[in-house]
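# Structural overview for review
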Amino acid sequence: METDLRLESSLWIGNKRYRAVLTGWHLKWTEADKKNGDKKTVSVPVAEVVGVENGRVEILPQKSVEDTDKDFTVFYIKRSRSRSTYGLLWSLGRTQFSCPSRVLRDQWTNHLRTALKTHSPLRPHRLLVFINPFGGKKKGREIYHSLVAPLFELAGISSHVIVTERANQARDHLLKKDLTGFDGVVCVGGDGMFSEVLHGLIGRTQQEAGLCETDPAVTLQPCPLHIGIIPAGSTDCVCYATVGVIDPVSSALHIIIGDSQPLDVCSVHHASTLVRYSVSLVGYGFYGDVLAESEKHRWMGPLRYDYSGTVVYLSNRSYAGIVQYLPADPLLSSPKDKTRCLSGCNVCSRSTERLFPHTSDSGSLYSSHFSQYSNDSEGEWVSVEGRFRCVSITCMSSSCARSPLGLSPSAHLADGTGDLILVWDTHPLSFLKFLYRHTSTQDQFDLPFVEVHRVKAVRFSLPDGREEEVHEGIGELNRAIEEREYVDTVSRNGSQQQLAQSVVERETMNEHKTVASILCGLCCKKTPAVSVWNCDGEILPFTEIFCRIHGQLVRLYARGIEDGAAMQNCSQESDKNKSRCITYK
């Protein structure tokens, strides 16, 4: 019950009089000159008020200010259904109020601003912004300056903007530069830009904590700075899976109000060396082949993925492998339980209590369970061997516009686990059915050749005798691959991730032959013996890897996907005054 009454008075909106009430948690205004049955009440949570300005003010699409003594404008979040996506679009609502006097106007603006400070303590005040001007349709700068910057200014957020000029510039900046005073980091771009920021923040945090992130058994320290994503890339999978829409204004508003969504991160290791971090997809077989094939057709733009997917499917490939995995507790959740990880997810909320119990020596899920990753605890692992169409590990649903439910519809963002999807070798038409179900609401796991397991760690290796096949047929294509310098893609200047060790260097040169093998597969009659790994859109030059899920390692300015039930934009009768209520919550 709201008893914290702060201010109440009559205000005018246009030529209509309203009774406005500001409590500790809500701003409400109700038409005053109509009968009870026709009264319209609008209620806005204080936590979703974006800003308050004196006068009659317009922000988007272009800022305009009419300075009047008795008027003030309130900006807040409005929700609407998206026709093409599962989540809800956020937009900037605006209402202009007129007061009988300037004194009353000042009372309202002062009380509203005080309420914002009191009930929204997690809102950012200073942000570090990286803009990728080359991603997607190359509109990163335009999107930020025309849509995002005006909203940040309205909310009183100062920002330091860096337009990147080269790959990994954002990562290197976060690893080396002083970040004092920043509340969060915002990336304007696609999944590649997010990956740079992710690697930079995780690496910086482990440096400052004195931890060796290359050791798979080390419990990584959660990052203190939040990450905000303004979608402006060719792929925006992370934004889609955590917000539910690809919309810069919606994402900017999540940042402004200080939403906080924890996110699991998968670390990928080879030969006891950290290769990359992943939050979306680590895929071998079909998904690795598609990415490798698409690299030869970058001139096609985004169409290269459709073309490459068709070519790889027609190649009808499967690969031998040994998959070992450490199962998660099946009593907590299941990848087949038909639930969705939405805003306020109970599974993730319970996982927070489990991952971070109130003890002094707990930093993550694995703080008291190092032994389960050691060689002494092999009995807990499950091992399967055979030929696979694809092997995939994901820490989220990996939903996108083309696949609204994603690779694993019941995967959770922050439960400390990942979903391992095994697609065994099968008839091409059966595999096509599996792929097609990703674009519909049909269960892609309800097929006899598909397995899905909720896991905490995964190992992948080749059967005995396959290692020699990996190194065959390098030729000219292998030399071209080596010139791309994959090691530079995944190395980190200044972090504890050191891929320049002599032993790993030799293995890297050998494993490059794996990439050459797959790239030549479509132009040679001989099917390649092995595939490559697709790690969030980057090719890994290793076949044998170890993956570990780190629970809630980073936090995003998001709240998870909101469904239609979260938006109460309905006409309902109140038992007290039978008024029509429109609630934005």
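Keep in mind that this is a model prediction, so the values were computed, not measured.

What follows covers the pattern of salt bridges. Applying the stated criterion across every chain yields a total of 22 salt bridges. One salt bridge connects Asp 71 with Arg 56, and the closest N-O pair in it is separated by 3.1 Å. Placement of the pair is Asp 71 in strand 8 (residues 71-81) and Arg 56 in strand 6 (residues 56-58), with a sequence separation of 15 residues. Taking relative accessible area as the criterion, Arg 56 reaches 28% and is therefore assigned partly exposed.

Turning our attention to the side chain of His 297. Note on placement: His 297 falls in the loop between helix 7 (286-294) and helix 8 (303-315). The exposure class of His 297 is buried, given its relative accessible area of 13%. For His 297, the side chain forms a polar contact with the side chain of Glu 293, separated by 2.8 Å. Filtering out sequence-adjacent residues up to four positions away, His 297 remains in contact with Arg 304, Tyr 307 and Ser 308.

Right, let's get into helix 4 (residues 191-209). Given a rise of 1.5 Å per residue, 19 residues ought to cover 27 Å, and the 27 Å separating the end C-alpha atoms of helix 4 matches this to within 8%. Just downstream of helix 4 lies Gly 210, where phi reads positive at about 70°.

Omega for the bond connecting Leu 60 with Pro 61 falls within 30 degrees of zero, at 5°, which places this linkage in the cis form. Along the chain, the position of Pro 61 falls in the loop between strand 6 and strand 7 (64-66). Unlike most non-glycine residues, Lys 338 shows phi in positive territory, near 65°. Relative to the helices and strands, Lys 338 resides in the loop between strand 17 (319-327) and helix 9 (346-355).

This brings us to helix 1 (residues 102-119). Its 18 residues place the ends of helix 1 26 Å apart at the C-alpha level, agreeing with the 26 Å of an ideal helix rising 1.5 Å per residue. Buried residues of helix 1: Leu 104, Arg 105, Trp 108, Thr 109, Leu 112, Ala 115, Leu 116 and His 119, and no others. Here the buried residues of helix 1 occupy an arc of 135° about the axis, which is enough to place them on one side. Among the exposed residues of helix 1, those pointing more than 90 degrees away from its buried face are Val 103 and Lys 117.

Once that is clear, we can look at the packing of helix 2 (residues 140-154) against helix 6 (residues 248-256). Two elements in contact, helix 2 and helix 6, have axes whose closest approach is 10 Å; the angle formed by their N-to-C orientations is 30°. Our classification of the angle between helix 2 and helix 6 gives roughly parallel. Our pair here, helix 2 against helix 6, has a crossing hand that is right-handed. Note on element contacts: helix 6 touches helix 2 through Pro 248, Val 249, Ala 252, Leu 253, Ile 255 and Ile 256, opposite Ile 143, Leu 147, Val 148, Leu 151 and Phe 152. Class assignment for the residues of the contact of helix 2 with helix 6 results in eleven nonpolar, no polar and no charged.

In this section: the nonpolar core. The biggest cluster of nonpolar side chains holds 42 residues, and the ones touching the most others in it are Phe 130, Phe 194, Val 197 and Leu 201. At six residues, the largest contribution of residues to this core is made by helix 4. When residues are assigned to domains, this core turns out to be shared by domain 2 (126-259) and domain 3 (266-495 + 505-550), each giving three or more. Discounting residues that sit within four places of it in the chain, Phe 130 has contacts with Ile 162, Thr 164, Ala 170, His 173, Leu 174, Val 185, Val 186, Cys 187, Val 188, Met 193 and Val 197.

Of the strand pairs in this sheet, strand 2 (residues 16-23) and strand 3 (residues 26-31) are connected by five bridges, and their pairing is antiparallel. Across the sheet, residue Tyr 18 finds its bridge partner in strand 3, namely Glu 31. Hairpin geometry of strand 2 and strand 3 is characterised by an intervening segment of two residues between the two adjacent antiparallel strands. Looking at chain direction, strand 3 and strand 4 (residues 40-45) are connected through five bridges and run antiparallel. Paired with His 26 across the strands is Pro 45, a residue of strand 4.

With that settled, the discussion passes to the environment of Pro 248. By the element assignment, Pro 248 lies in helix 6. Since its relative accessible area comes to 13%, Pro 248 is described here as buried. A sequence separation of 19 residues divides Pro 248 from Ile 229, and the C-alpha atoms of the two residues are 8.5 Å apart.

Bringing the environment of Tyr 277 into the picture now. In this fold, Tyr 277 is placed in strand 15 (residues 273-278). Only 2.6 Å separates the side chain of Tyr 277 from the side chain of Glu 213, close enough to count as a polar contact.

The next subject is the packing of aromatic side chains. Taken as a whole and judged by the stated rule, the model has 14 aromatic pairs. Judged by centre distance (5.9 Å) and plane angle (65°), the rings of Tyr 284 and Tyr 319 are edge-to-face. Remark: Tyr 319 occurs in strand 17 and Tyr 284 occurs in strand 16 (residues 282-285); sequence separation between them is 35 residues. This pair shows no difference in class: Tyr 284 is buried, exactly as Tyr 319 is. The ring of Phe 182 carries Arg 126 above its face, with NZ or CZ at 4.2 Å from the centroid. Between Arg 459 and the ring centre of Trp 381, over which it is positioned, the NZ or CZ distance is 4.1 Å.

About the thresholds
- Residues numbered from 1 in each chain as written.
- Predicted model: local features only at pLDDT ≥ 70, side-chain atom pairs only at ≥ 80, totals over all residues.
- Heavy atoms only, no water.
- Salt bridge = Lys/Arg side-chain N within 4 Å of Asp/Glu carboxyl O.
- Helix = DSSP H or I, 4+ residues; strand = E, 2+ residues; numbered from the N terminus.
- Buried < 20%, exposed > 50% of the residue type's maximum accessible area, 1.4 Å probe, protein only.
- Polar contact = N/O pair within 3.5 Å; in protein donor to acceptor, adjacent residues only side chain to side chain.
- Contact = heavy atoms within 4.5 Å.
- Expected span 1.5 Å × (residues − 1).
- Arc of directions from axis to C-beta.
- Axes fitted to C-alpha atoms, helices over the stretch in contact; angles between N-to-C directions.
- Parallel < 35°, antiparallel > 145°, perpendicular 65-115°, else oblique.
- Left-handed = near helix turned anticlockwise from the far one by under 90°.
- Nonpolar A, V, L, I, M, F, W, Y, C, P; charged D, E, K, R; others polar.
- Core = buried A, V, L, I, M, F, W, Y, C linked by side-chain atoms within 4.5 Å.
- Domains from an automatic or database assignment.
- Pairing = 2+ DSSP bridges.
- Phe/Tyr/Trp six-rings, centres within 6.5 Å; stacked < 30°, edge-to-face > 60°.
- Lys NZ or Arg CZ within 6 Å of the ring centre and 35° of its normal.

So, to be careful, I would describe these as geometric facts and stop short of saying anything about function.
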